[in-house]
Amino acid sequence: MPGPLDGVLVLDLGQFLAGPYAPMILSDLGATVIKIEPTRGDSMRYGSPFIGCQRGKLDLALDLKQPEAAEIVLKLAEKADVLHHNMTKGTATRLGVDFDQVTARNPEIVYCNTYAYGLEGPMSISGGIDPLYQAVVGLEYEAGGVEHGNPPMYIRFGMTDTANAFASVVGVLSALFHRKVTGKGQDVWTSLLNGGAMFVSEVAKLADGTTAPTRPSLDKELTGLSPCYRLYQTQEGWIQVAATTPTEWATMCALLGAPELGADPRFASFEGRAAARAEIEPRLEQAFGARTALVWAALFDAQGVPAEVAVDTRNGETVLHDADNERLGLVASYDHPMLGHMTQFGSLIDFSDTPTGDFGPPPMLGQHSRAILSKFGWADAEIDGLIERGVVYQAAEGVPYPWPL
Amino acid sequence: MPGALDGIRILDLSWGVAGPLGVMLLADQGADVIKVEPPGGDPFRDAPGSPVWHRSRRSVVLDLKQADGKEAFLKLCETADVLVEAFSPGTMAALGLSYEDLSSRFPRLIYASVPAYPEGHRYASRPGWDALVQARSGAQFEQPAWRPGPAHLHMQIPSMGAFFLLATGILAALTSREDSGKGQHVSTSLYQGVLAYTTMLWQDVEHLKAPDSLVMAKTYPPGVHQVSIYECANGEWLHAGVNVGRVATRSMEEILGIEPLDQMRMMTDMAYRAENQQRLRDAFITRDRTQLCEEFFEAGVGADPILTIAEGFDYPQMRANNMVVSVDDPEFGLMEQYGVPAVLSETPGEVQGGRPRVGEHSRKILAELGYDDSTLDRLAADGVI
């Protein structure tokens, strides 16, 4: 299906996760994305994260250290709407594909370079990976409960890589929209640091150094923010409750056999409960231990107390093979010549008039090199020469990778 | 500063986190955002985040349950490009303001929804608190705590995925509308917000070699990157020793003065890792964090201090990126907030001002629609505005 970005051509020179994920989102939205990959392969091709951010792309393997390869990129850029990559500062210039070099050939292009730290400044010469930005924006400190004496904790979801990718998607689409209206292209940049800042954007800092408004803090056991908004361990499994209104709180306490906690005026507010965790929680924790999470959830549902069993998806297994998720396109499956049958998340955004879906599998290294060059005007003999000189790598039929998988 | 979305008007009926924050991204790129609040104001105005996520927009109070309020809202829709709502399913339909109700009358309107779960899903009527979606989606079990079992994530992963998806969906629909002339219904959800963060975790692949999926494996105590977290002198913490794509002139072990380690084995061989973790801890605990950071940077090895959220505002690179901006809030006064994460050279956009007071612009905005003073007085007396 076409998707809202049908007809948009994107060149993706990114590697790892933060670079390629944004173009994958653009591909999901219907853009044609050419992944321009080093002939030795994306540095992440060896690991499972690679396949999470490459689906639906066409693959052109180029040795960008050879000047002929840069010329290929520039020729393609003449036809492209977007060029996107996450090279470290100075690399694009060295390779001959920086903003000035590309816009000399196509002044209307939207050019996006995502960085680890940023464009200028003390750390800007450096690349980086997700944990560093989780560290400096405060995520690791907060997630671990360091104020209670715990070590900091890395959040496993590749948070700032993903945030960087999405910040650049928002930047690129804003620029693309502006170009649709005015015909003008421009330069866009963002960084893992900038993207990561969005996760803690609810905190603002006053002149005296304090933050506002006051936020509840996580407890030492990492269960939650208040007796009415936390995880409880049950006889079997864990349950997350969100009994935030006075009625929900009173009902929950009554169901747990502690109606006096629900009636106590000191605990009438979220903050009041949060301040009295040590007094309230031992009682509730013990009560939760008397039944399973499933039973509590059913009791709470019947009485209108918001709660969910904390589901162990067994590393995503149950989510990826859920009937509703399959029916609604929230998961996507494809066959890959080397990787076999694969399943990962599907539509992240749904469009009524320009539906997306039927995403293709991640491409193999150099899978479409010849086809892409041929389509964009290179003659067969020229392509043969480029392959012979090692400027271009075309996966041979039946031998898609130059190394054993 | 010119913004890429100059001239685009958004009616924001959303509340919570994902809607207001997603709209903030668009407001900072120049969109003219009108926050449409119920009488008494958005109930999340007292919640953390409100001064930031409600910035760069004007506020109009409309009681959509009253006929006059709904009529004023429909007049506003005539002037709008985008409508954003984050109610539970059925709420907008009950008001007669569903996508189906509005699309034939306003064919260019982009109608964006961000509920907790996708429409038509069996969870769609489940309550939408962020932590409940964390639990239901499995995100909490994917993040092992310092004890067996799931961890509650203070950083709200479902909402923090959905706000980007919301802004992305609206921008894609706006771009598409330039060609088609038509608006459409765009929807995402907190549940899909979690899925957006599973690129490295949730892959079901028939022929993937087992060790390839071990790098990010869920272990207890948790996670491969946890082993790069070290306590330095004075109780300060450091995330150290990661590859930052530079040619290292000295290794982490050299800087610490200990025997070299096989970094690949540290990632995949649990016994080897455990054996060497203590040696590393002993080496870090005596060192000064600031000095170590400098040495690591000098040597081309990645390391950064583990800061509190407040300290993050003063991280020098954050300032160098102009990510910290001063915003005047009607309740708290001048405050520093995080700014615009994507920087556009020609249309950089900017924070368009602090959060409005409840209904601050009601009369002005309705006057722009042609309401005269006596009508506005009557609407105010009736509690419509």
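Bear in mind the structure is a predicted one, so any value in this text is a computation, not a measurement.

Enquirer: How do you make sense of the overall build of chain B when you look at a structure like this?
Expert: Assigned secondary structure in chain B consists of 18 helices and 13 strands. Viewed in the frame of its principal axes, chain B has a C-alpha envelope of about 80 × 45 × 40 Å. Within the span of chain B, comprising 385 residues, buried residues form 61% of the whole. Carbon together with sulfur atoms contributes 51% to the accessible area of chain B, which is approximately 14,100 Å² in total.

Enquirer: Where do I start with the nonpolar core in this structure?
Expert: If you look at soluble globular proteins, the nonpolar side chains tend to sit buried side by side. Formed by 169 residues in total, the largest nonpolar core has its most connected members in Tyr-21 and Leu-348 of chain A together with Phe-164 of chain B. Among the elements that make up this core, the one with the highest residue count is helix 8 (residues 157-180) of chain B (13 residues).

Enquirer: What is the right way to look at the domain arrangement of chain A in this model?
Expert: Note on interface size: it is often stated as the accessible area lost on association of the parts. Segmentation of chain A into domains returns domain 1 (9-198 + 320-393) and domain 2 (224-233 + 238-309). Relative placement of domain 1 of chain A and domain 2 of chain A: their C-alpha centres are 44 Å apart.

Enquirer: What exactly am I supposed to notice about unusual backbone geometry here?
Expert: Across the chain, the bulk of peptide bonds are trans and the bulk of non-glycine residues have phi less than zero. Here the amide bond leading from Ala-212 of chain A into Pro-213 of chain A is cis, since omega sits at -10 degrees, within 30 degrees of zero. Here Pro-213 of chain A is to be found in the loop between strand 8 (211-212) and strand 9 (224-226). At Arg-314 of chain A, a position not held by glycine, the phi torsion is positive, near 50 degrees. Its place among the elements puts Arg-314 of chain A in the loop between strand 12 (307-309) and helix 14 (317-320). The phi torsion at Asn-322 of chain B lies on the positive side, around 55 degrees, for a residue other than glycine. Looking at where Asn-322 of chain B falls in the secondary structure, it is placed in the loop between helix 16 (316-320) and strand 11 (324-329). For Asn-322 of chain B, a relative accessible area of 59% puts it in the exposed group.

Enquirer: Teacher, can you tell me more about the interface of chain A and chain B here?
Expert: The interface is formed by 139 residues belonging to chain A together with 138 residues belonging to chain B. Taken together, both faces of the contact between chain A and chain B bury some 12,500 Å²; the carbon and sulfur share is 64%. The partner of Asp-324 of chain A in a salt bridge is Arg-122 of chain B, with the nearest N and O atoms 3.5 Å apart. Our count for the chain A to chain B interface comes out at 59 residue pairs in polar contact (both at pLDDT 80 or more).

Enquirer: Whenever I open this one, the packing of aromatic side chains confuses me. Can you help?
Expert: Both the distance between ring centres and the angle between the ring planes are used here to describe each pair of aromatic rings. All names here are of chain A. Applying the stated rule across the entire model yields 23 aromatic pairs over all chains. When the ring of Tyr-229 is compared with that of Phe-270, the centres are 6.1 Å apart and the planes differ by 55 degrees; the resulting orientation is tilted. Here Tyr-229, found in strand 10 (residues 229-233), pairs with Phe-270, found in helix 11 (residues 270-275); they are 41 residues apart in sequence, far enough to count as distant. Grouping residues by exposure puts Tyr-229 and Phe-270 together as buried. Relative to Trp-296, the ring of Phe-288 lies with its centre 5.4 Å away and its plane at 65 degrees, an arrangement referred to as edge-to-face. Note on accessibility: Phe-288 and Trp-296 belong to one class, buried. The ring of Tyr-232 has Arg-230 sitting right over it, with the charged end atom 3.9 Å from the ring centre.

Enquirer: Help me understand helix 1 (residues 18-28) of chain B in this model?
Expert: It helps to recall that an α-helix has 3.6 residues per turn; residues three or four apart then point in one direction. Of all 11 residues making up helix 1 of chain B, 11 are buried, and the element is well covered by its neighbours. Positive backbone phi, at 110 degrees, marks Gly-30 of chain B, one or two positions downstream of helix 1 of chain B.

Enquirer: Please clarify how the side chain of Arg-147 of chain B should be interpreted in this entry.
Expert: Locating Arg-147 of chain B in the fold gives a position in the loop between helix 7 (139-142) and helix 8. The charged side chain of Arg-147 of chain B is buried without a salt bridge, its nearest counter-charge being Glu-221 of chain A at 4.0 Å. Reaching out from Arg-147 of chain B, the side chain makes a polar contact with the backbone oxygen of Leu-222 of chain A at a distance of 3.1 Å.

Enquirer: Help me out: how do you make sense of the packing of helix 5 (residues 130-137) of chain A against helix 7 (residues 159-182) of chain A in this one?
Expert: Each packed pair of helices is defined by two parameters, the angle between the axes and the distance between the axes. Residue and element names in this part refer to chain A. Where helix 5 contacts helix 7, the axes come no closer than 7 Å and their chain directions differ by 90 degrees. In this view, helix 5 runs roughly perpendicular relative to helix 7, as classed from their interaxial angle. Between helix 5, through Asp-130, Tyr-133 and Gln-134, and helix 7, the contact on the second element is made entirely by Met-159, Thr-160 and Asp-161. Tallied by class, residues from the contact of helix 5 with helix 7 come to 2 nonpolar, 2 polar and 2 charged.

Enquirer: Looking at this model, I keep getting lost on the confidence of the model for chain B. Mind explaining?
Expert: Overall, the prediction assigns chain B a mean pLDDT of 94, with 96% of residues at 70 or greater. The ipTM, which scores confidence in the relative placement of chains, is 0.97 for this predicted complex, and the corresponding pTM is 0.97.

Enquirer: Can you walk me through the pattern of salt bridges in this structure?
Expert: Any two side chains of opposite charge can pair, given that their charged atoms come close. One pass over the structure, following the stated rule, counts 51 salt bridges over all chains. Notably, a salt bridge pairs Arg-215 of chain A with Glu-142 of chain A, separated by 2.6 Å at the nearest N-O pair. Of the two residues, Arg-215 of chain A is situated in the loop between strand 8 and strand 9 and Glu-142 of chain A in helix 6 (residues 139-144); the sequence distance between them amounts to 73 residues. A salt bridge links Arg-136 of chain B to Glu-308 of chain A, with the nearest nitrogen and oxygen atoms 2.7 Å apart. Linking Arg-136 of chain B in helix 6 (residues 130-137) with Glu-308 of chain A in strand 12, this pair reaches from one chain into another.

Enquirer: Got a minute to help me understand the sheet that holds strand 11 (residues 238-242) of chain A in this structure?
Expert: Sheet strands line up and pair through hydrogen bonds in the backbone, either parallel or antiparallel. Within the open sheet, the 4 strands sit side by side as 9-10-11-12 (chain A). Their pairing is antiparallel. On the outer flanks of this sheet lie strand 9 and strand 12 of chain A, each paired with one strand and no other. Between one strand axis and the next, the sheet turns by 35 degrees as a mean value, whatever way the strands run. Looking at chain direction, strand 9 of chain A and strand 10 of chain A are connected through 2 bridges and run antiparallel. Paired with Ser-226 of chain A across the bridge in strand 10 of chain A is Tyr-229 of chain A. Against the sheet, helix 13 (residues 293-303) of chain A makes contact with strand 11 and strand 12 of chain A, and its axis sits at roughly 25 degrees relative to strand 11 of chain A, the strand it touches most. Packed on one face of the sheet, helix 6 of chain B meets strand 10, strand 11 and strand 12 of chain A and runs near 20 degrees to strand 12 of chain A.

Enquirer: Would you mind going over the pairing of strand 12 (residues 333-338) of chain B with me for this structure?
Expert: Side-chain direction in a regular strand flips from residue to residue, so the side chains alternate between the two faces of the sheet. Of the strand pairs in this sheet, strand 7 (residues 204-206) of chain A and strand 12 of chain B are connected by 2 bridges, and their pairing is antiparallel. Bridge assignment links Lys-205 of chain A to a residue of strand 12 of chain B, and that residue is Glu-336 of chain B. Relative to strand 12 of chain B, strand 11 of chain B runs antiparallel, the two being bridged by 6 bridges. In the sheet register, Val-324 of chain B faces strand 12 of chain B, and the bridge partner there is Tyr-338 of chain B. Hairpin connection between strand 11 of chain B and strand 12 of chain B: a loop of 3 residues separates the two successive antiparallel strands.

Enquirer: Just to check I follow, could you spell out the packing of helix 1 of chain B against helix 8 of chain B for this structure?
Expert: All names here are of chain B. At their nearest, the axes of helix 1 and helix 8 sit 8 Å apart, and the two run at 45 degrees to each other. Judged on the interaxial angle alone, helix 8 and helix 1 are oblique. Read as a crossing pair, helix 1 and helix 8 show a hand that is right-handed. Residues Ala-18, Gly-19, Leu-21, Gly-22, Leu-25 and Leu-26 of helix 1 form the contact with helix 8, whose participating residues are Ser-159, Met-160, Ala-162, Phe-163, Phe-164, Leu-166, Ala-167, Ile-170 and Leu-171. Split into classes, the residues belonging to the contact of helix 1 with helix 8 amount to 12 nonpolar, 3 polar and no charged.

Enquirer: How do you make sense of the pairing of strand 10 (residues 302-305) of chain B when you look at a structure like this?
Expert: Residues and elements named next belong to chain B. Every second residue of strand 10 is oriented toward a common face, with Gly-302 and Asp-304 on one face and Ala-303 and Pro-305 on the other, all of them buried. Sheet analysis places strand 9 (residues 237-242) next to strand 10, joined by 4 bridges and oriented antiparallel. Its bridge partner lying in strand 10, His-239 is registered against Asp-304.

Enquirer: Can you help me understand the environment of Leu-176 of chain A in this one?
Expert: Residue and element names in this part refer to chain A. Assignment of secondary structure puts Leu-176 in helix 7. Distance from Leu-176 to Gln-186, taken between C-alpha atoms, is 8.9 Å for residues 10 residues apart in sequence. Residues in contact with Leu-176, not counting those within four places in the same chain, are Val-8, Asp-81, Val-82 and Val-110.

Enquirer: Sorry, what's going on with the environment of Ala-310 of chain B here?
Expert: With respect to the helices and strands, the residue Ala-310 of chain B is situated in helix 15 (residues 309-312). Spatially, the C-alpha atom of Ala-310 of chain B lies 28 Å from that of Ala-283 of chain B, the residues being 27 residues apart in sequence. For Ala-310 of chain B, the contacting residues outside a window of four places in its chain are Lys-205 and Thr-211 of chain A.

Calculation rules
- Residues numbered from 1 in each chain as written.
- Chains lettered and ligands numbered in written order.
- Predicted model: local features only at pLDDT ≥ 70, side-chain atom pairs only at ≥ 80, totals over all residues.
- Heavy atoms only, no water.
- Helix = DSSP H or I, 4+ residues; strand = E, 2+ residues; numbered from the N terminus.
- Buried < 20%, exposed > 50% of the residue type's maximum accessible area, 1.4 Å probe, protein only.
- Areas by Shrake-Rupley, 256 points an atom, 1.4 Å probe, with all protein chains shown as cover.
- Core = buried A, V, L, I, M, F, W, Y, C linked by side-chain atoms within 4.5 Å.
- Domains from an automatic or database assignment.
- Contact = heavy atoms within 4.5 Å.
- Buried area = accessible area lost by both parts, 1.4 Å probe.
- Salt bridge = Lys/Arg side-chain N within 4 Å of Asp/Glu carboxyl O.
- Polar contact = N/O pair within 3.5 Å; in protein donor to acceptor, adjacent residues only side chain to side chain.
- Phe/Tyr/Trp six-rings, centres within 6.5 Å; stacked < 30°, edge-to-face > 60°.
- Lys NZ or Arg CZ within 6 Å of the ring centre and 35° of its normal.
- Lys, Arg positive; Asp, Glu negative; His and termini not counted.
- Axes fitted to C-alpha atoms, helices over the stretch in contact; angles between N-to-C directions.
- Parallel < 35°, antiparallel > 145°, perpendicular 65-115°, else oblique.
- Nonpolar A, V, L, I, M, F, W, Y, C, P; charged D, E, K, R; others polar.
- pLDDT = per-residue confidence, 0-100.
- Pairing = 2+ DSSP bridges.
- Left-handed = near helix turned anticlockwise from the far one by under 90°.

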